[in-house]
Amino acid sequence: MVVAMGLFALEDTFIKGAAAVLPASEVLLIFGLGGAVAFAVLALIRGESLFTRDVVSPPMLIRFVFEFTGRLFYVLALALTPLSSATAILQATPIVVVMGAALVFGETVGWRRWTAIAIGLLGVMIVLQPGAEAFSPLSILAVVGMIGFAGRDLASRAAPAALSTNALGFYGFLTICVAGLAYSVWEGAPWAVPDSAASAAFAAAVGCGVLAYSALMKAMRTGEVASVTPFRYTRLLFGVGLGVLVFGEDMDSMMIVGCLLIVVAGLFILWRGQKVKQDAA
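Residues numbered from 1 in each chain as written. Predicted model: local features only at pLDDT ≥ 70, side-chain atom pairs only at ≥ 80, totals over all residues. Heavy atoms only, no water.

1. Concerning the overall build of the chain
A count of helical and extended segments in the chain gives twelve helices and zero strands. When the helices and strands of the chain are listed from N to C terminus, the series reads α-α-α-α-α-α-α-α-α-α-α-α. In terms of overall size, the chain behaves like a compact globule, its C-alpha atoms giving a radius of gyration of 18 Å where 281 residues would be expected to give roughly 19 Å. If you line up the chain on its principal axes, its C-alpha atoms span 55 × 50 × 30 Å. A total of 281 residues make up the chain; the buried ones form 49% of that total. A fraction of 88% describes how many contacts in the chain between residues 6 or more apart in sequence connect residues 24 or more apart. Distance between charge centroids for the chain: 13 Å, based on 16 positive and 16 negative side chains. (Helix = DSSP H or I, 4+ residues; strand = E, 2+ residues; numbered from the N terminus. Rg over C-alpha atoms; globule rule 2.2 N^0.38 Å. Buried < 20%, exposed > 50% of the residue type's maximum accessible area, 1.4 Å probe, protein only. Contact = heavy atoms within 4.5 Å. Lys, Arg positive; Asp, Glu negative; His and termini not counted. Charge placed at Lys NZ, Arg CZ, Asp CG, Glu CD.)

Spelled out as structure tokens, the structure:
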């Protein structure tokens, strides 16, 4: 899980670097194509079918909408806002997933976890710092992206079990391509042939993304979920560290407080959820 989170943070770094010299729509399309091809090859090697009736099932169509939203707005956040703040806001995804599970699937969430959800969302507001001089409306892009990823995770719970990890990865990256094409109409920026540096960034981003996704699935399917899930928050350390070291970003005290609230709330929700399951058993 730690390796997966480190690789995801590197993926974000390479995408942000490519987006500095190319239109965001082009970054989405090239990155999406690279990942889709990689997962298609993996599925082919393992003899897994990518084209089944399950692909157009209602849960998968809902998943597509949320994946589209999450990927598009998060890449825009990477391109236009600091990596550290975008990564911090993304860490609220598990908190929103728990809230969504209670509201959408009717899962029981006690007052302790509702309190932790409120604290985690307060942490997001502190990271955003609305009303402060340093506030940027562009930070809302990361919030919309985070909500998209939370919706995708919720929809994945209802996705047909017959679909393999490689199939989900393939359609996830294919969705990025669709997002790139759709955004190109809005963006209207001319595309350019990537130079050697941008091409290397894309190759590295795709490689990190595929390896990270595989490591994540390995961790979730072979390790105890309660044991490995808390290590998702190491992505915050990697993301903030890379933001500071590579892009020279600053971390003020409010940002640190917001990050701590998000992580503490998320860890408490995970711990409390596991304790409730144990008590019920």
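2. Thoughts on the packing of helix α2 (residues 24–45) against helix α8 (residues 165–187)
Relative orientation and spacing of two packed helices are given, respectively, by the angle between their axes and the distance between those axes. Axis separation between α2 and α8 bottoms out at 7 Å; the angle between their running directions is 160°. In terms of their interaxial angle, α2 and α8 are classed as roughly antiparallel. Crossing geometry of α2 relative to α8 is assigned as left-handed. The residue makeup of the contact of α2 with α8, split by class, is 18 nonpolar, seven polar and one charged. (Axes fitted to C-alpha atoms, helices over the stretch in contact; angles between N-to-C directions. Parallel < 35°, antiparallel > 145°, perpendicular 65-115°, else oblique. Left-handed = near helix turned anticlockwise from the far one by under 90°. Nonpolar A, V, L, I, M, F, W, Y, C, P; charged D, E, K, R; others polar.)

3. Describing the UniProt feature "domain: EamA" (unreviewed entry) in the chain
The feature "domain: EamA" (unreviewed entry), as given by UniProt, occupies residues 2–128 and 140–270 in the numbering adopted here. In residues 2–128, helix accounts for 80% and strand for 0%; the two terminal C-alpha atoms are 26 Å from one another. (UniProt positions renumbered as here; feature names shortened; annotations may be inferred.)

4. Notes on a nonpolar patch on the surface
Together, Leu103, Val104, Phe105 and Trp114 make up an exposed nonpolar region whose accessible area comes to about 430 Å². Here Trp114 shows up in helix α6 (residues 111–128). The exposure class assigned to Trp114 is partly exposed, which follows from its relative accessible area of 33%. (Patch = residues over 30% accessible without salt bridge, like charges linked within 9 Å, V, L, I, M, F, W, Y side chains within 5 Å. Areas by Shrake-Rupley, 256 points an atom, 1.4 Å probe, with all protein chains shown as cover. Salt bridge = Lys/Arg side-chain N within 4 Å of Asp/Glu carboxyl O.)

5. Comments concerning the pattern of salt bridges
Overall, the coordinates contain four salt bridges when judged by the stated rule. Measuring nitrogen to oxygen at the nearest pair gives 3.5 Å for the salt bridge that ties Glu67 to Arg63. Separated by four residues within a single helix, Glu67 and Arg63 lie in helix α3 (residues 58–80), roughly one turn from each other. By relative accessible area, Glu67 is classed as buried at 2%. The structure contains a network of salt bridges with shared partners spanning Arg63, Glu67, Arg71 and Arg152.

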